[in-house]
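A structural walkthrough
If you want the building blocks of each chain, they are given just below.
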Amino acid sequence: QKEVEQDPGPLSVPEGAIVSLNCTYSNSAFQYFMWYRQYSRKGPELLMYTYSSGNKEDGRFTAQVDKSSKYISLFIRDSQPSDSATYLCALIYFGSQGNLIFGKGTKLSVKP
Amino acid sequence: SQTIHQWPATLVQPVGSPLSLECTVEGTSNPNLYWYRQAAGRGLQLLFYSVGIGQISSEVPQNLSASRPQDRQFILSSKKLLLSDSGFYLCACTLGGYTFGSGTRLTVV
């Protein structure tokens, strides 16, 4: 079983829709959870990070962590065409020298 | 805030040729530095990380090597490229945050 599983999509939604992106993980030692957005041919950029179960909100984005289920989510409200990108979840556990474990990414397309 | 400079942006190299990709960091000192490779359908794979000058850890055996000659400089090299070395190479830095460079798209032909 891979450490982090993420549905690669592609996911296509109409503008204004609520988008739900998800990852599951197997190692309960993971402590920090991040979401990155990557536009085509660009480096990933950090959207949000959290280290506890529950929700964290930043504008149209909400990150949700459920450590008991080993399940993390990113919700995008009022999605825009500019949100079209690949979204990667990334996890770190203590003592890993900060090495991120990435999901494979979900490609999102928001249609105007 | 940290800024990562990575070059070149794109590179086409023949099989068997050498490789040198450079990454420099601004806005921080003594950062952890990382080289990742992103291949289609395979996600981001950690290749090397460094916690200080001259300290390199390799995550996977391969045709590549890394060096850190200065605190804020990280170099990825190969003596002889293989077709399988093609991919998108990303340098990353962490010290309080985790920032990626803009990447180098390498095509080995």
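Scroll up for the structure.
Parameters and conventions
Residues numbered from 1 in each chain as written. Chains lettered and ligands numbered in written order. Predicted model: local features only at pLDDT ≥ 70, side-chain atom pairs only at ≥ 80, totals over all residues. Heavy atoms only, no water. Contact = heavy atoms within 4.5 Å. Buried area = accessible area lost by both parts, 1.4 Å probe. Salt bridge = Lys/Arg side-chain N within 4 Å of Asp/Glu carboxyl O. Polar contact = N/O pair within 3.5 Å; in protein donor to acceptor, adjacent residues only side chain to side chain. Nonpolar A, V, L, I, M, F, W, Y, C, P; charged D, E, K, R; others polar. Phe/Tyr/Trp six-rings, centres within 6.5 Å; stacked < 30°, edge-to-face > 60°. Lys NZ or Arg CZ within 6 Å of the ring centre and 35° of its normal. Helix = DSSP H or I, 4+ residues; strand = E, 2+ residues; numbered from the N terminus. Buried < 20%, exposed > 50% of the residue type's maximum accessible area, 1.4 Å probe, protein only. Pairing = 2+ DSSP bridges. Axes fitted to C-alpha atoms, helices over the stretch in contact; angles between N-to-C directions.

**Quick word on the interface of chain A and chain B**
Tallying the contact residues gives 14 residues for chain A and 19 residues for chain B. For the pair chain A and chain B, the summed buried area comes to about 1,300 Å², and 56% of that belongs to carbon and sulfur atoms. Across the contact surface, chain A and chain B share 0 salt bridges. Summed over the shared surface of chain A and chain B, the number is 3 residue pairs in polar contact (both at pLDDT 80 or more). Classifying every residue of the side of chain A that touches chain B gives 6 nonpolar, 5 polar and 3 charged.

**Points about the packing of aromatic side chains**
Tallied over the entire structure, the rule returns 13 aromatic pairs over all chains. Within the aromatic cluster, the residues linked to one another by ring pairs are Tyr36(A), Phe102(A), Tyr34(B), Tyr36(B), Tyr49(B), Tyr98(B) and Phe100(B). Over the ring of Phe88(B) we find Arg105(B); its NZ or CZ atom is 4.5 Å from the centre of that ring.

**Some thoughts on the side chain of Gln38(A)**
Tracing the chain through its elements places Gln38(A) in strand β4 (residues 30-38). Judged by relative accessible area, which is 7%, Gln38(A) ranks as buried. A distance of 2.8 Å separates the side chain of Gln38(A) from the side chain of Gln38(B), its partner in a polar contact.

**Some remarks on the side chain of Ser17(B)**
The topology assignment puts Ser17(B) in the loop between β2 (10-13) and β3 (19-26). On the accessibility criterion, Ser17(B) (10% relative accessible area) is buried.

**Notes on the sheet that holds β3(B)**
Residue and element names in this part refer to chain B. One open sheet accounts for 4 strands, arranged β1-β3-β8-β7; its pairing is antiparallel. If you trace the sheet from one side to the other, it starts and ends with β1 (3-7) and β7 (65-70), each paired once. Sheet twist, expressed as the mean angle between neighbouring strand axes with direction ignored, is 20°. Note: β7 against strand β8 (residues 73-78), 4 bridges, orientation antiparallel. Residue pairing for β8: Ser 67 is matched across the bridge by Ile 75.

**Observations concerning the sheet that holds strand β1 (residues 4-6) of chain A**
Residues and elements named next belong to chain A. Across the sheet, which stays open at both edges, the 5 strands sit in the order β1-β3-β8-β7-β6 with antiparallel pairing between neighbours. Among the strands making up the open sheet, the edge pair consists of β1 and β6 (54-58). When strand polarity is set aside, the average angle formed by the axes of neighbouring strands in this sheet is 15°. As defined by bridge partners, strand β7 (residues 61-66) adjoins strand β8 (residues 71-76) across 6 bridges and the pair is classed as antiparallel. Residue pairing for β8: Ala 63 is matched across the bridge by Leu 74.

**Examining the pairing of β7(A)**
Residue and element names in this part refer to chain A. Inspection of the sheet shows β6 paired to β7 by 5 bridges, in the antiparallel sense. Counted as the bridge partner of Gly 54 is Val 65 from β7. What sits between β6 and β7 in their antiparallel hairpin is a turn of 2 residues, with Gly 59 showing a positive phi close to 65°. Linkage of β7 to β8, two consecutive antiparallel strands, is achieved through a turn of 4 residues, within which Lys 70 is found at a positive phi near 55°.

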